[in-house]
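Chain by chain, the residues:
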Amino acid sequence: MSSSESAEKFRHELLASGLLVDCGVPGIYGRSAVFEEVIARFDAYVSGVGAADGATSLRFPPVLSRAAFEQSGYLKNMPQLAGMVQSFSGEQADHVALIHDLETGADYRPRLGMTDVVLTPAACYPLYPTQTGELAAGGRLFDIYSYCFRHEPSLDPARMQSFRMREYVRLGAPEDVCAFRARWLERGQRMLAELELDAHVALANDPFFGRTGRMLAANQREQELKYELVIPITSTEQPTAVMSFNYHQELFGKLYEIRLDREPAHTACVGFGMERIALALFKKHGFEPQSWPRAVREQLWP
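Computed from a prediction, not measured in an experiment: that's the story for all the values here.

Caption draft 1: Main features of the nonpolar core. Counting 77 residues, the largest nonpolar core has Phe 42, Met 243, Phe 272, Leu 281 and Leu 300 as the members making the most contacts within it. With seven residues, helix H9 (residues 274-285) is the single largest residue contributor to this core. Residues in contact with Leu 300, not counting those within four places in the same chain, are Arg 41, Phe 42, Tyr 45, Leu 195, Leu 281 and Trp 292.

Right under this line is the structure:
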């Protein structure tokens, strides 16, 4: 069975079981109460592991300022994934014309314009613009959780367009930021092993677009700036990333003028793909959590 056939088979099983609900667009799903409980239990598990670090908890909406988004460089590097929010701002006559277009099946899109917000591509992106200025001694650590969007229509249920991401984000000196990432890379492996998930570490890169993007990706891999923990959810040949460990160096420190000792701060983040981890659990242990292995349930239902 090919990877695409395996993915579609798993998708069909998830829909038939009611864990996911088809919303008519590839990668957009409703979630059942059982699915949501698994995510909530894993979220609590993450909180327990990270509690001693004393992170400042912030929760952002699933949109962020378009100005801050454009400043980030995301649209330059990964335009194929971006989700822009449009709306109508015309007068009465424009509204009449819009209704006519809708009723006749004409293309109404030119009558809409971009708003001042975009869909959040990663949970940490709304954070950086709020940290402009000099950081306190030792830097900062944040705990972030948000719905995110990436325009990747797919019938692979592990590649959703709208999904949740939990992140810990460290801002500070290079040695502190790198130590934070290394610590969470060890923790992440231990956490997934405790859930009896078959994960391994992979050197990775972001999906930069175009010829320049391939150069950026090669540089990212060469400097080992991005690691992932991957699990064979719908394919053993192409396992799915469920956690990422990213070192941005001083990129966001320079972009948003975040400083430590008057120098651009370094940043790193560890991200948990919440839906992907839930799918990995369902794939490995079955669709009924009450029947999961005792050791796994003891971690999630302590």
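Caption draft 2: Focus on the environment of Glu 257. Secondary-structure assignment places Glu 257 in the loop between helix H8 (251-255) and strand S13 (258-260). Along the sequence, Glu 257 and Glu 134 sit 123 residues apart, while their C-alpha atoms lie 8.4 Å from each other.

Caption draft 3: The sheet that holds strand S14 (residues 263-264), seen in detail. Taken in spatial order, the three strands line up as S7-S13-S14 in an open sheet, and their pairing is mixed. The open sheet has two edge strands with one neighbour each: strand S7 (133-134) and S14. In the sheet, S7 pairs with S13 via two bridges, with the strands oriented parallel. Directly across from Glu 134, in S13, lies its bridge partner Arg 259.

Caption draft 4: Seen up close, the packing of helix H2 (residues 33-50) against helix H6 (residues 174-194). At a minimum axis distance of 12 Å, the contact between H2 and H6 shows a crossing angle of 135 degrees. Compared by their axis directions, H2 and H6 come out oblique. In this structure, the crossing between H2 and H6 has a hand that is right-handed. When H2 is examined against H6, the residues Phe 42, Tyr 45, Val 46, Val 49 and Gly 50 are found in contact with a partner set consisting of Trp 184, Arg 187, Arg 190, Met 191 and Glu 194. Split into classes, the residues belonging to the contact of H2 with H6 amount to six nonpolar, one polar and three charged.

Caption draft 5: Just H9, in detail. Look at H9: 16 Å from first C-alpha to last across twelve residues, which is about the 16 Å you get at 1.5 Å a residue. Counting buried positions over the twelve residues of H9 gives nine, a clear majority of the element. Restricting attention to buried positions, one finds in H9 the residues Met 274, Glu 275, Ile 277, Ala 278, Leu 279, Ala 280, Leu 281, Phe 282 and His 285. Once H9 ends, the next one or two residues include Gly 286, with phi positive near 105 degrees.

Caption draft 6: Inspection of the packing of aromatic side chains at higher detail. Applying the stated criterion to the full structure yields 15 aromatic pairs. Measuring from ring centre to ring centre gives 4.9 Å for Tyr 168 and Trp 184, while their planes differ by 20 degrees; the resulting arrangement is stacked. Here Tyr 168, found in strand S9 (residues 162-172), pairs with Trp 184, found in helix H6; they are 16 residues apart in sequence, far enough to count as distant. Residue class for Tyr 168 comes out buried when judged on its relative accessible area of 2%. With relative accessibility at 0%, the residue Trp 184 sits in the buried group. Both rings, one in Phe 282 and one in Trp 292, keep their centres 5.7 Å apart while their planes meet at 70 degrees; by these two values the pair is edge-to-face. Linking Phe 282 in helix H9 with Trp 292 in the loop between H9 and helix H10 (294-300), this pair joins segments that are ten residues apart in sequence. Each of the two residues, Phe 282 as well as Trp 292, counts as buried. Here Lys 283 stacks its cationic end above the ring of Phe 10, 4.8 Å away from the centre of that ring. Between the NZ or CZ atom of Arg 297 and the centre of the ring of Trp 301, over which it lies, the distance is 4.4 Å.

Caption draft 7: The side chain of Ser 6, seen in detail. For Ser 6, the position within the fold is in helix H1 (residues 3-17). Setting aside anything within four residues of it in sequence, one finds Ser 6 in contact with Met 1 and Thr 234.

Caption draft 8: Structural view of the environment of Ser 4. Locating Ser 4 in the fold gives a position in helix H1. On a C-alpha basis, the gap between Ser 4 and Thr 212 in space is 29 Å, while along the polypeptide they are 208 residues apart.

Caption draft 9: The arrangement of H6 in detail. Taking 1.5 Å of rise per residue, 21 residues should cover 30 Å, and H6 covers 30 Å from first to last C-alpha, within 8% of that figure. Those residues of H6 that fall on the buried side of the exposure criterion are Val 177, Phe 180, Arg 181, Trp 184, Leu 185, Arg 187, Gly 188, Met 191 and Leu 192.

So, how was this worked out
- Residues numbered from 1 in each chain as written.
- Predicted model: local features only at pLDDT ≥ 70, side-chain atom pairs only at ≥ 80, totals over all residues.
- Heavy atoms only, no water.
- Core = buried A, V, L, I, M, F, W, Y, C linked by side-chain atoms within 4.5 Å.
- Buried < 20%, exposed > 50% of the residue type's maximum accessible area, 1.4 Å probe, protein only.
- Helix = DSSP H or I, 4+ residues; strand = E, 2+ residues; numbered from the N terminus.
- Contact = heavy atoms within 4.5 Å.
- Pairing = 2+ DSSP bridges.
- Axes fitted to C-alpha atoms, helices over the stretch in contact; angles between N-to-C directions.
- Parallel < 35°, antiparallel > 145°, perpendicular 65-115°, else oblique.
- Left-handed = near helix turned anticlockwise from the far one by under 90°.
- Nonpolar A, V, L, I, M, F, W, Y, C, P; charged D, E, K, R; others polar.
- Expected span 1.5 Å × (residues − 1).
- Phe/Tyr/Trp six-rings, centres within 6.5 Å; stacked < 30°, edge-to-face > 60°.
- Lys NZ or Arg CZ within 6 Å of the ring centre and 35° of its normal.

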